[in-house]
Amino acid sequence: MTKCYSGAILAAAILSILSGCQESSFENNHTLDKGKVVEETMTPSVYVDPAIDLSSNQTTSIIIEFKTKPAKVAVIEAEAKGIPLTLEEAKKNVEESHLTFQKELHELLDKNQIPYTVRHKFTTALNGVSMELPANEIQRLADSSAVISRISLNRKIKLDPPILPFGQL
């Protein structure tokens, strides 16, 4: 059972890294207009899982992934780009992203008396949280956050164990 969850978390981390590569290549694109370089000024929007019914007022369990990568991933990506980054600095960045998110929750949800519960804090395979809040508040949270990269519906994933040849049991 633990292997199933580890595999799912690893798959999520790999997808996160790959999507980060695509985003960074998008961010580096510039458009030429009459000899001038026009840079993209809008920040990429937060991806919200289309499986979430954003019009519902039902409490929904979601997983929020932050823009800041987990510490070990950030160090590997920085090293690949030739940017110096220590593991301690990367861990500090992860903690700062969680503190910023807590402040955003307070400003947006607590002050407006919107019920929510943070169930788990993720810092290793992905950087983010799992939480529950009314589905109709998810888009507002996504639009007002500086740290959120994506919001996905929290669902259980079951992986079937590989089928081994008869003699290898």
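Let me sum up the structure you'll find in this document.

About the cut-offs
Residues numbered from 1 in each chain as written. Predicted model: local features only at pLDDT ≥ 70, side-chain atom pairs only at ≥ 80, totals over all residues. Heavy atoms only, no water. Buried < 20%, exposed > 50% of the residue type's maximum accessible area, 1.4 Å probe, protein only. Helix = DSSP H or I, 4+ residues; strand = E, 2+ residues; numbered from the N terminus. Core = buried A, V, L, I, M, F, W, Y, C linked by side-chain atoms within 4.5 Å. Contact = heavy atoms within 4.5 Å. Pairing = 2+ DSSP bridges.

### A short note on helix H2 (residues 71–81)
Link 1 in the chain: Where H2 is concerned, the buried positions are Ala71, Val73, Ala74, Val75 and Ala78.
Link 2 in the chain: Count one or two residues on from H2 and you reach Gly82, which has phi positive near 80 degrees.

### Here we look at the nonpolar core
Link 1 in the chain: Ile64, Phe101, Met131, Leu141 and Ile151 are the most contacted members of the largest nonpolar core, which has 21 residues in total.
Link 2 in the chain: Among the secondary structure elements, those contributing two or more residues to this core are strand E4 (59–66), helix H3 (87–110), strand E6 (128–134), helix H4 (138–144) and strand E7 (148–153).
Link 3 in the chain: Tallying contributions element by element places H3 first for this core, with 4 residues.
Link 4 in the chain: The contact partners of Ile151, leaving out residues within four places of it in the chain, are Val46, Tyr47, Val48, Asp49, Ile52, Ile62, Ile63, Ile64, Ile138 and Ala142.
Link 5 in the chain: Counting 5 residues, the second largest nonpolar core, distinct from the first, contains Ala71, Ala74, Val75 and Val94.

### What about the sheet that holds E6?
Link 1 in the chain: The strand order across the open sheet formed by 5 strands is E3-E7-E4-E6-E5, and the pairing between neighbours is mixed. Looking at strand neighbours, the two that pair on one side only are strand E3 (47–48) and strand E5 (117–122), the edges of this open sheet.

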